[in-house]
Every structure is written in C-alpha cells, then in structure tokens.
Amino acid sequence: MDVFGNALQDQFTQHTAETLWLHNSYDEPEEMPVDLFFRTAEEMPDIELEAMDLCEGRVLDVGGGAGSHALILQERGFDVIALDISPAAVHIMKSRGIENVVEGDIFSYQGEKFDTLLFLMNGIGVTGTIEGFKTFLHHAKNLLHEDGQLLFDSSDISYLYDDMEMPADKYYGEVSYQYEYKGEKGEWFNWVYIDPQLLKKIAKELGWECHLLFDDGNDQYLAEMRVSPATS
C-alpha cells in the first residue's frame, strides 16, 4: 500500500492533501506537511541548497519523492536520475518533467555508475539501521565512479532522549516509522539517524573519507563521503 504516494498524489492533482500522519517508535504521531515535498529552491533550507551546489557530474537522487531536487538539478544541466520506491512518486516525477525516473530500491539498484549519490531530507535514513548503513556503503562503492561522492544530511537525535531513557538494546538513532493517510496505514519501516562522531568512525572503518560540510546549528549536518584512495 503506497500510503505516502497517495498523499503526494492528492497534493499534486488537487494542490492540497489531508493530514499525513507519521507514527514513530519514540513519541506521539506527528503531522507531516505534504506540500513540503513540492518546494521550490526559494523555499528550501540552506543545507539542501548547499548539497545541490556540491553535486558533480552524473547524479542519482535517491528517494526522489515528488522530484523537487531532481528538477532543480535537471534545470542546472545535470544528468540526473531520480529513484524512488513509490509508484505514485515515480508517476508524479515523470508528470513534472523529470526525464530520467526509476522505480526501485537503492539496495537492489545496480548496473550504472554515478559521480554523486544524493540523499536529502534525511534520506540516508532509508538504510534503516547502522548495519544497514554499513551494508549500503559497500554497495555504494559499486555505484560510484572513481572519486565519486556520497552527499547526505542526517541528524543527531540524542535530544529526543533528554527526558527519557535511551534504548538499551540498540543505537539510539535507530527508529521506526509508519505513514497514515485517510485512515489507511502503511507497513512500519526502519529509519536511522547517525550522529557525526559515529559516522566518522564508520567511514574510517570501511575505507571512506568523510567531511562534515554544513551544520545548521540544530543537530542537523551535511556530509560528503568519498572512497579513500587506498581502498578504491
């Protein structure tokens, strides 16, 4: 059931959507503004603008959503492919004029190489867990040209646990979400937020160079990662 995609479709066709609820494993459900996924460049935060300014060469926009980032990159002349697992999102992106759109999962995507793998709006969270992120880094080496880059934003969510105990059985940045729209609920899915210190540790262990390029002052950061020359 493409609950998220249904909300996007309503916003796209009717220019409005009912409340999209995001249930989570750590607190009360939150409302997610659907129009957020149809922003123009003028409406985007600096961290996303900075990431798009840093894109190089051929770009794979992972978790393309409604295609707002891919549209901007395409208008700038980039050869960009937008990838999303949602059939509705794929349809919307094609309807909005994005030339290269693929329906699929990043873990099974293969056969092509890119200069930039781009994950925005905490999109790297799709790797699900710390182990999933490590697995993805191995896969990413097969998707990148030599000296290609991985660009993504993430957050340190330790602040969520200021008033409650951190989980004892897993990394505190590993959470679960479930979409609800018009009374329909999707499947629960895993999501991960990675604090900068752990990110640097993982990068070093797995043969990546990691640079933190932007900090919005609110626990969110932009990371650039490239395969270390000695391990490429």
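Quick caveat: nothing in here was measured; it's all calculated off a predicted structure.

Caption draft 1: Looking closely at the pairing of strand β7 (residues 144-155). Counting buried residues in β7 gives 9 out of 12 residues, a clear majority hidden from the surface. Of the pairings in the sheet, the one linking strand β6 (residues 114-119) to β7 comprises 5 bridges and is parallel in character. From the neighbouring strand, Thr-116 faces β7, where its bridge partner is Gln-149. As for the winding sense of the linkage, the β-α-β connection from β6 through helix α5 (residues 130-143) to β7 is right-handed. Relative to strand β12 (residues 220-227), β7 is paired through 7 bridges, and the arrangement is antiparallel. By the bridge assignment for β12, Leu-150 is matched with Met-225.

Caption draft 2: Summary view of the nonpolar core. Core analysis: the biggest nonpolar cluster contains 53 residues, and Leu-117, Phe-152 and Met-225 have the highest contact counts within it. It is α5 that contributes the most residues to this core, 6 residues altogether. Not counting the four nearest positions on each side in its chain, Met-225 is found in contact with Phe-133, Leu-137, Gly-148, Gln-149, Leu-150, Phe-152, Leu-199, Ala-203, Trp-208, Glu-209 and Cys-210. Of all hydrophobic cores here, the second largest spans 20 residues; its members include Ala-70, Ile-72, Val-90 and Ile-98.

Caption draft 3: Helix α1 (residues 3-14), seen in detail. With 12 residues, α1 ought to run about 16 Å at 1.5 Å a step, and its terminal C-alpha atoms sit 16 Å apart, in line with that. Looking at the buried residues of α1, the elements they touch are β1 (20-24), α4 (87-95), β8 (174-181) and β9 (184-185). The first or second residue beyond α1 is His-15, which carries a positive phi of 65°.

Caption draft 4: Focus on the pattern of salt bridges. The final tally for this structure, using the stated rule, is 10 salt bridges. Of the charged contacts in the structure, one is a salt bridge between Asp-10 and Lys-182, with a shortest N-O distance of 2.8 Å. One end of the pair, Asp-10, is in helix α1; the other, Lys-182, is in the loop between β8 and β9, and 172 residues separate them in sequence. Relative accessible area serves as the criterion here: at 11%, Asp-10 is assigned to the buried category. Of the charged contacts, one joins Glu-224 and Arg-226 as a salt bridge, the two residues approaching to 3.1 Å between their closest N and O atoms. Among the residues examined, Glu-224 registers a relative accessible area of 13% and is labelled buried. Relative accessible area serves as the criterion here: at 13%, Arg-226 is assigned to the buried category. Several salt bridges converge on common partners, so that one network encompasses Glu-56, Asp-147, Glu-224 and Arg-226.

Reading guide: rules and limits
- Residues numbered from 1 in each chain as written.
- Predicted model: local features only at pLDDT ≥ 70, side-chain atom pairs only at ≥ 80, totals over all residues.
- Heavy atoms only, no water.
- Buried < 20%, exposed > 50% of the residue type's maximum accessible area, 1.4 Å probe, protein only.
- Helix = DSSP H or I, 4+ residues; strand = E, 2+ residues; numbered from the N terminus.
- Pairing = 2+ DSSP bridges.
- Right-handed = clockwise from strand over helix to strand, strands pointing away.
- Core = buried A, V, L, I, M, F, W, Y, C linked by side-chain atoms within 4.5 Å.
- Contact = heavy atoms within 4.5 Å.
- Expected span 1.5 Å × (residues − 1).
- Salt bridge = Lys/Arg side-chain N within 4 Å of Asp/Glu carboxyl O.

Distances and angles like these do not, on their own, reveal function.
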